[in-house]
Amino acid sequence: MKDFLTIADYSSESLQGLLDLAIQLKEEWKSGGNKPIFKNKVLAMIFQKPSLRTRVSFDMSMLHLGGNALYLSPAEIGLGKRESIADVARVVSGYVDVIMARVFDHAHVEELAKWASIPVINGLSDYNHPCQAMADALTIYEEFGSMKGLNVTYMGDGNNVAVSLMHVCAKLGANFTIGNPEGYDMPESAIELGKQFAAASGSTISLLNDPHEAVKEVDAIYTDTWTSMGQEEETKKHQQVFPPYQVNEALVAEAKDNVIVLHCLPAHRGEEITDEVADGPHSRLFPQAHNRLHAQKAILVHLLS
Ligand code: CP
Ligand code: NVA
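Quantities reported herein were computed from a predicted structural model and do not represent experimental measurements.

Scoring rules and cut-offs
- Residues numbered from 1 in each chain as written.
- Chains lettered and ligands numbered in written order.
- Predicted model: local features only at pLDDT ≥ 70, side-chain atom pairs only at ≥ 80, totals over all residues.
- Heavy atoms only, no water.
- Phe/Tyr/Trp six-rings, centres within 6.5 Å; stacked < 30°, edge-to-face > 60°.
- Helix = DSSP H or I, 4+ residues; strand = E, 2+ residues; numbered from the N terminus.
- Buried < 20%, exposed > 50% of the residue type's maximum accessible area, 1.4 Å probe, protein only.
- Lys NZ or Arg CZ within 6 Å of the ring centre and 35° of its normal.
- Expected span 1.5 Å × (residues − 1).
- Bend = angle between axes of the 7 residues up to and from the residue.
- Core = buried A, V, L, I, M, F, W, Y, C linked by side-chain atoms within 4.5 Å.
- Contact = heavy atoms within 4.5 Å.
- Pairing = 2+ DSSP bridges.
- Patch = residues over 30% accessible without salt bridge, like charges linked within 9 Å, V, L, I, M, F, W, Y side chains within 5 Å.
- Areas by Shrake-Rupley, 256 points an atom, 1.4 Å probe, with all protein chains shown as cover.
- Salt bridge = Lys/Arg side-chain N within 4 Å of Asp/Glu carboxyl O.
- Lys, Arg positive; Asp, Glu negative; His and termini not counted.
- Charge placed at Lys NZ, Arg CZ, Asp CG, Glu CD.
- Axes fitted to C-alpha atoms, helices over the stretch in contact; angles between N-to-C directions.

**Description of the packing of aromatic side chains**
Working step 1: According to the stated counting rule, one finds five aromatic pairs in the structure shown.
Working step 2: Measuring from ring centre to ring centre gives 5.4 Å for Phe47 and Tyr71, while their planes differ by 45 degrees; the resulting arrangement is tilted. In this pair, Phe47 sits in strand β1 (residues 42-47) while Tyr71 sits in strand β2 (residues 68-72), placing the two residues 24 residues apart along the sequence.
Working step 3: For Tyr71, a relative accessible area of 32% gives the class partly exposed.
Working step 4: Among the aromatic residues, those joined into a ring-pair cluster are Tyr184, Trp226 and Phe242.
Working step 5: Taking the ring centre of Tyr71 as reference, the NZ or CZ of Arg55 above it sits at 3.7 Å.
Working step 6: Positioned over the ring face of Phe197 is Lys171, at 4.0 Å from the centre of the ring.

Quick look at the structure:
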């Protein structure tokens, strides 16, 4: 039974295979459209939190491949509240071919996968965001032709997006650095896994608190919101702690001349990233968002083949 819940579950070879497939599907789509290989296939999209990119890119991925997608809002399903996760998983498994779920608690997407008899994709949990990481890797790969030996720095909160980015970098041979305030580290267990993957691919993991040191000699700077969905009560505190980690023109100037800037979006412009950087020459924010489509088509093809 195949699922896509974490980057950590996939080997370096499988991840590279997914990237190659994403590039192939992107080329096919650009030169007239994808083949309708998902005729009569349906994806159920279960959301506990809001979304623009994940919802639309998964919907369009299915459509471009000849299938369909159903959007199930937080209010409709009441995952674990109106009905147990195990029951939702078993009911939905009888109607559709694949499930994508965006949940608060990572254990909930694992529970869905445990009970579903069809593949389950993690569309963001409090622990990680593996679909995003595949689009990030695709964007970096397209820019530099490889991930191997590149220096990628994530600036800000050691959150879900940081964890998946660290793991995809470590698996594909890029050196990963995080510059985060004290007390906003990634989970220790995720760091340990990252170090194992990096050791296997010959890359490094660096955990820094100094934002200036963190961007020295880097090829890609990545940032994300200072406050993730579900932590809204921390917003004011984070607005006091995180400003030294803002990705602005002065910080970008400390990196390599051809550095690219990435952000999973949605951005809080003027907080973690300035308008000048988000809309400037180093930004790859929108190609990165568009790459969700191609990376997820590859994940769907892998799971439904
Ligand atoms: N990056 C991302 O997952 O965006 P959404 O929250 O809009 O889906
Ligand atoms: N870290 C953010 C990512 C949103 C795509 C969040 O969890 O809200």
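**Here's the deal with helix α13 (residues 285-304)**
Working step 1: Spanning 20 residues, α13 covers 29 Å between terminal C-alpha atoms, matching the ideal 28 Å at 1.5 Å per step.
Working step 2: At Asn291, α13 shows its maximal bend, which comes to roughly 30 degrees.
Working step 3: Of all 20 residues in α13, 16 are buried, a share of seventy percent or more.

**Focus on the nonpolar core**
The nonpolar side chains of a soluble globular protein tend to be buried, and buried together.
Working step 1: Core analysis: the biggest nonpolar cluster contains 62 residues, and Phe4, Leu43, Ile121, Met134 and Phe176 have the highest contact counts within it.
Working step 2: With nine residues, the top contributor of residues to this core is helix α7 (residues 160-172).
Working step 3: Residues in contact with Met134, not counting those within four places in the same chain, are Phe4, Ile7, Leu15, Leu18, Leu19, Val168, Ala295 and Ile299.
Working step 4: Grouped together as the second largest cluster of nonpolar side chains are 21 residues, Leu5, Ala44, Val109 and Val120 included.

**A look at the pairing of strand β8 (residues 220-223)**
Working step 1: On β8, burial covers both faces: Ala220 and Tyr222 on one face and Ile221 and Thr223 on the other are all buried.
Working step 2: In terms of strand pairing, β8 meets strand β9 (residues 260-263) through four bridges, oriented parallel. Across the sheet, the residue bridging to Thr223 is His263, located in β9.

**Some remarks on a negative patch on the surface**
Working step 1: The grouping of Asp9, Asp105, Glu110 and Asp126 at the surface amounts to a negative patch.
Working step 2: Of note, Asp105 is situated in the loop between β3 (98-102) and α5 (106-115).
Working step 3: Residue Asp105 is classed as partly exposed on the basis of its relative accessible area of 32%.

**As for the sheet that holds strand β4 (residues 120-122)**
Working step 1: Ordered in space as β2-β1-β3-β4, the four strands form an open sheet in which the pairing is parallel. Across the chains shown, the open sheet's two edge strands, defined by having one partner strand only, are β2 and β4. When strand polarity is set aside, the average angle formed by the axes of neighbouring strands in this sheet is 20 degrees.
Working step 2: Here β3 pairs with β4 via three bridges, running parallel. Bridged to Ile99 within β4 is Val120.
Working step 3: Relative to the sheet, α13 contacts β1, β3 and β4, its axis offset from that of β4 by approximately 155 degrees.

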